[in-house]
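One-letter residues, chain by chain:
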Amino acid sequence: AQKVTQAQTEISVVEKEDVTLDCVYETRDTTYYLFWYKQPPSGELVFLIRRNSFDEQNEISGRYSWNFQKSTSSFNFTITASQVVDSAVYFCALIYMNRDDKIIFGKGTRLHILP
Amino acid sequence: DAGVTQSPTHLIKTRGQQVTLRCSPKSGHDTVSWYQQALGQGPQFIFQYYEEEERQRGNFPDRFSGHQFPNYSSELNVNALLLGDSALYLCASSTTRREQFFGPGTRLTVL
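Residues numbered from 1 in each chain as written. Chains lettered and ligands numbered in written order. Predicted model: local features only at pLDDT ≥ 70, side-chain atom pairs only at ≥ 80, totals over all residues. Heavy atoms only, no water.

J.: With reference to specific residues and values, describe the state of the cysteines.
T.: Residue and element names in this part refer to chain A. According to the stated counting rule, one finds two disulfides over all chains in the structure shown. Through a disulfide, Cys-23 is tied to Cys-92; the S-S separation comes to 1.9 Å. On the sign convention where negative means left-handed, the S-S torsion of about -65° between Cys-23 and Cys-92 marks this disulfide as left-handed. One end of the pair, Cys-23, is in the loop between β3 (19-21) and β4 (24-26); the other, Cys-92, is in strand β10 (residues 88-96), and 69 residues separate them in sequence. This pair shows no difference in class: Cys-23 is buried, exactly as Cys-92 is. (Disulfide = S-S within 2.5 Å. Helix = DSSP H or I, 4+ residues; strand = E, 2+ residues; numbered from the N terminus. Buried < 20%, exposed > 50% of the residue type's maximum accessible area, 1.4 Å probe, protein only.)

Have a look at this one:
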């Protein structure tokens, strides 16, 4: 069965600190996508990144970076020089490739950036 | 280009009542998926509609039903509401085997 685990329920850091959100997944399939979404208080899920299971290259987008390691089934998300606007709930998620399937979400990590 | 829209934004119902939530997909998208997000939890898949048929279903009782119209918009119906049905209901649209885009959600409160 597929499963996404975000062990950190809630994290608080002071503005400008770096913070890493952990994500561990389980799947029997070899072809899948991994995602990170941001959910601000408004409730809408904002897409941040999609990674396919064949591409283990790390990715950087501005202050955001992602570390995908198939050997440990992890897809961690780092925010560098955090800002108050980064405060939100972040979800890691998985979907099987080449199938019109459901997205499996983790339970989310609530991130508080303190001014 | 309008994104995924949902209505209403908020809804308050009492136990035993029925509710209908609506979703209009992003332009060009033909597939609609519905998710329930309880407080403090990640979204849980309810079902997915394609070509006006339910293509997949998650672990939800038959009280949850849906419909997709020829213009690809969709409705989620919940009968005999329970307190535990209180949640944020998210709609996502996509095209075949492509990324799902989420709407702002409908927050349902059952009293």
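J.: Break down the pattern of salt bridges for me, citing the residues and quoting the values.
T.: Per the stated rule, a full pass over the model turns up six salt bridges over all chains. Between Arg51(A) and Glu59(A) there is a salt bridge; the shortest N-O distance is 2.8 Å. Assessed through its relative accessible area of 28%, Glu59(A) is described here as partly exposed. The partner of Arg63(B) in a salt bridge is Asp85(B), with the nearest N and O atoms 2.9 Å apart. Residue Arg63(B) is located in the loop between β6 (53-57) and β7 (64-68), and its partner Asp85(B) is located in the loop between β8 (74-78) and β9 (87-94); the two are separated by 22 residues in the primary sequence. Note on accessibility: Arg63(B) and Asp85(B) belong to one class, buried. (Salt bridge = Lys/Arg side-chain N within 4 Å of Asp/Glu carboxyl O.)

J.: Report on the sheet that holds strand β3 (residues 19-24) of chain B, specifying residues and quantitative values.
T.: Residue and element names in this part refer to chain B. The strand order across the open sheet built from four strands is β1-β3-β8-β7, with neighbouring strands paired in antiparallel fashion. Each edge of the open sheet carries a strand with a single partner, namely β1 (5-7) and β7. This sheet shows a mean twist of 20° between the axes of neighbouring strands, independent of strand direction. Across three bridges, the pairing between β1 and β3 is antiparallel. The residue bridging Thr-5 from the neighbouring strand is Ser-24, located in β3. (Pairing = 2+ DSSP bridges. Axes fitted to C-alpha atoms, helices over the stretch in contact; angles between N-to-C directions.)

J.: Please give an account of the confidence of the model for chain A that cites residues and values.
T.: With 97% of its residues at a pLDDT of at least 70, chain A reaches an overall mean of 92. For chain A, per-element mean pLDDT is lowest for strand β7 (residues 59-61) of chain A, which scores 87, and highest for β3(A), which scores 98. (pLDDT = per-residue confidence, 0-100.)

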